[in-house]
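Residue-level structural notes
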Amino acid sequence: MSKPHFRVVAIVLCLAALLTGTQPRQAQSSSPVNDYKAQVVADVAAMAKQSQVMVDMVFSFGELGFQEVETSKYLTGVLKKEGFKIEQGIAGIPTAWIASWGTGKPVIALGSDVDCIPQASQKPGVAYHDPLVEGAPGHGEGHNSGVPLNITAAIAVKRLMERNKIPGTIKVWPGVAEELVAGKAYFVRAGVFKDVDVVLFTHVGNNLNTSWGQSSATGLVSVEYTFKGESAHAAGAPWQGRSALDAVELMDIGWNFRREHLRLQQRSHYVITNGGDQPNVVPRLASVWYYFRELDYDHIKQMREIGDSMAQGAAMMTNTTVTSRVLGSAWPQHFNRPVAEAMYENIKQVGLPQWSDADQTLAKALQKELKGREQGLATNLMPLAGPVTAEGQTRGGSDDIGDVSWNVPTVSLRYPSNIPGLPGHNWTDAIAMATPIAHKGVTAGAKVVAMTVIDLLTKPELVSEAWKYFRDVQTKDTKYQPLIGPDDKPPTYLNQRTMDTYRERMRKFYYDPSKYDTYLEQLGIKYPTTR
C-alpha cells in the first residue's frame, strides 16, 4: 500500500469518527472492499443530520401497529427522493411497503420495526415521567430509529454502487405491527422474501452487537377467543342469560392454575378485549386475547392446543360457544453464523459512540429514577454471541423476525440508541429516543449495516456460505411451518380506535425540521433535564 493512499484511507476513517463521535480504529490494509467501506462510512457520517431528522420525525408521530400512516408516508417519501421504487400495501397491510433499488444479485433486504407502545407518550431528554400527551402512545421501544438507520445505510451503499457500477439490489422494508407480532409472518406468506439472498435486520439496544444461532427470544402464537352466550337482565332474570364473560374468566382461571405444570421456558399472558357492555346486562359476547410463548414450534403448538382445550372447557361450563382466531405469530429466532461473524468484524471497526457528559448524565439520572444501578451508557463492546440452549433461556420476549430468519439467511444488529437497565415497553424507553444518544447510536449502526452490505455485494462466497449454513445447519432438522393458517388475515383494524382518540392531540407535536434543528429544540427541552 502506498503511503499517500494509506493516508487517504486513514483520513477518511478518522474524519468519519470525528463527525459521529465513534472511537477511531486502525486503518485497514488497502483493498477495493476496504476502500468501499471507508467511502460508505464517510457517507454515513456526512448524513448524520439527515439521520437525526428522520429519527426525530418518526418519534414525533408515535403511531401504533397497523396505524403507521404518517410514518410510512414520510419514510417512503425519503426513499422515493433517493430513487427507490416503492411497492405499497404488501401482504394486504395498508401501512406495509417495500422499497427497491438496483438490479440483479445479490438481493439484500434491510428491515426494522416502526410501531410504538400504548400509553408510552414521553418528552425526550427528560429523566422522569412527563408525557407529551397523557395516555397517548409513544416510542417506548425505540422503533422510531431502525428504519432511519437502514435508510441512511441504503443511501450510502446506493451511491457507492452507482459510482462503481456494482450490481445488486437493495431493499428496505418496515416491520409493521411488530408489537402485535402480526406482520412478518404475513410478509413471508405473501412471498416478500422469496428472491432475497440475505436479510439484515436492526433493532434498538444499548450496545453494538449481534449474534448467531438460536437466540434468547421465544416464539409465539397470538390468539383471540370469543365466547357467545345470551343476554338477560342481570338483576331481573339472570337465570335466562348465559354469560360469555363468565366463560372468559373461567378460561383465565384455568390457565393460571395450569401454569404451574408448564415448562419454565414458557411465557403466557392475556388481556380481556371485550368484557360486556354494562353491569346490568348479562354479557352475550366476551373475548380474551392470549400470547402463548415457547422456544420451538412444537411447544408453541402444544400451548395453543392447551389453550383451545381450556376455552372449550369454559364454554361447556357456561353453556356458551367459543370461536378463536389467530392474530399473529412469531417463530423463535435463528441467526446466520457466517453473516453474523462478518458483521461483528465491522462492529469492531466502528466501535461505540463517544458519549458526552450530557448523554451520561441523562442515562444515570434515569437509572437512578428507576432505583437501578447507575451504570450510565455502554463504553465497551460485547463479544459476538452464540446459540442459547433451552437451559440457558432467560428472556421471554419475541419478535416476528423469527419467521423471516427461517426462510432466508438473516442476522440482527443491536445498536446503542437507548439506555441500559430499562424495563421495556415503557415510557422510560422513549426518553433517549429523540436525543443525541439515539442519533449517535443510529449513525454507528448505519455504518455497520453499510459495511456489511459491502461485504455481501463484493464477496459472493459470503452469500454462498450463508446459504450453506442455512441449509446444512439451521434447517437440516427443523423446517418452517407457519403458525398462521392459510385463511388468517392481518388484523389491520387493531389500534385504530386508540389512534383516532389521540392522533389530533398528538399532531400539534409533530416535528418541523424546517423551523427547528432538533425535536428537543422544538419542544423547548434543555438537554438533559433531570430532577
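Everything below is about the structure printed above this text.
Residues numbered from 1 in each chain as written. Predicted model: local features only at pLDDT ≥ 70, side-chain atom pairs only at ≥ 80, totals over all residues. Heavy atoms only, no water.

1. Describing the overall build of the protein chain
Helix and strand counts for the protein chain stand at 15 helices and 12 strands. Since a compact globule built from 531 residues should have a radius of gyration of about 24 Å, the 24 Å found for the protein chain is in line with a globular shape. The dimensions of the protein chain, computed from C-alpha atoms along their principal axes, are 95 × 55 × 45 Å. In the protein chain, which comprises 531 residues, the share counted as buried stands at 59%. Partitioning the contacts of the protein chain with sequence separation of at least 6, the portion at a separation of at least 24 is 82%. Looking at the protein chain as shown, the accessible area adds up to about 22000 Å², and 52% of this sits on carbon and sulfur atoms. One way to put it: in the protein chain the 54 positive side-chain charges average out to a point 4 Å from where the 53 negative ones average out. (Helix = DSSP H or I, 4+ residues; strand = E, 2+ residues; numbered from the N terminus. Rg over C-alpha atoms; globule rule 2.2 N^0.38 Å. Buried < 20%, exposed > 50% of the residue type's maximum accessible area, 1.4 Å probe, protein only. Contact = heavy atoms within 4.5 Å. Areas by Shrake-Rupley, 256 points an atom, 1.4 Å probe, with all protein chains shown as cover. Lys, Arg positive; Asp, Glu negative; His and termini not counted. Charge placed at Lys NZ, Arg CZ, Asp CG, Glu CD.)

2. Examining unusual backbone geometry
Across the junction of K105 and P106, the peptide omega takes the value -5°, indicating a cis bond. When you line up the elements, P106 lands in the loop between β2 (97-103) and β3 (107-113). Cis geometry is adopted by the peptide bond preceding P528, which originates at Y527 and carries an omega value of -10°. By secondary structure assignment, the location of P528 is in the segment after α15 (519-523). One non-glycine residue with positive phi stands out, namely N319, at about 55°. Among the structural elements, N319 can be located in the loop between α8 (297-318) and β10 (321-330). Accessibility expressed as a relative area gives 53% for N319, which makes it exposed.

3. A short note on the packing of helix α3 (residues 48-61) against helix α12 (residues 436-458)
Two elements in contact, α3 and α12, have axes whose closest approach is 9 Å; the angle formed by their N-to-C orientations is 120°. Relative to α12, α3 is oriented oblique. Regarding α3 and α12, the two cross each other, and that crossing is right-handed. Note on element contacts: α12 touches α3 through A438, H439, V442 and T443, opposite A48, S51, Q52, V55 and D56. (Axes fitted to C-alpha atoms, helices over the stretch in contact; angles between N-to-C directions. Parallel < 35°, antiparallel > 145°, perpendicular 65-115°, else oblique. Left-handed = near helix turned anticlockwise from the far one by under 90°.)

4. Let's talk about the packing of α3 against helix α4 (residues 69-81)
Between α3 and α4, the least distance of the axes is 9 Å, while the angle of their chain directions is 160°. The angle between α3 and α4 places the two elements in the roughly antiparallel class. In terms of crossing hand, the pair formed by α3 and α4 is right-handed. Residues Q50, V53, M54, M57, V58 and F61 of α3 form the contact with α4, whose participating residues are E70, T71, Y74, L75 and V78. Residues of the contact of α3 with α4, tallied by class, amount to 8 nonpolar, 2 polar and 1 charged. (Nonpolar A, V, L, I, M, F, W, Y, C, P; charged D, E, K, R; others polar.)

5. A closer look at the nonpolar core
Within the largest apolar cluster, 140 residues are counted, with the highest numbers of intra-cluster contacts made by F193, L200, Y225 and F227. Per element, the largest residue contribution to this core is 12 residues, and it comes from α12. Not counting chain neighbours up to four residues away, the residues in contact with L200 comprise I108, A109, L110, G111, V339, M343, V411, V449, T452, V453 and L456. Listed in part, the 17 residues of the second largest apolar core include A127, W427, I525 and Y527. (Core = buried A, V, L, I, M, F, W, Y, C linked by side-chain atoms within 4.5 Å.)

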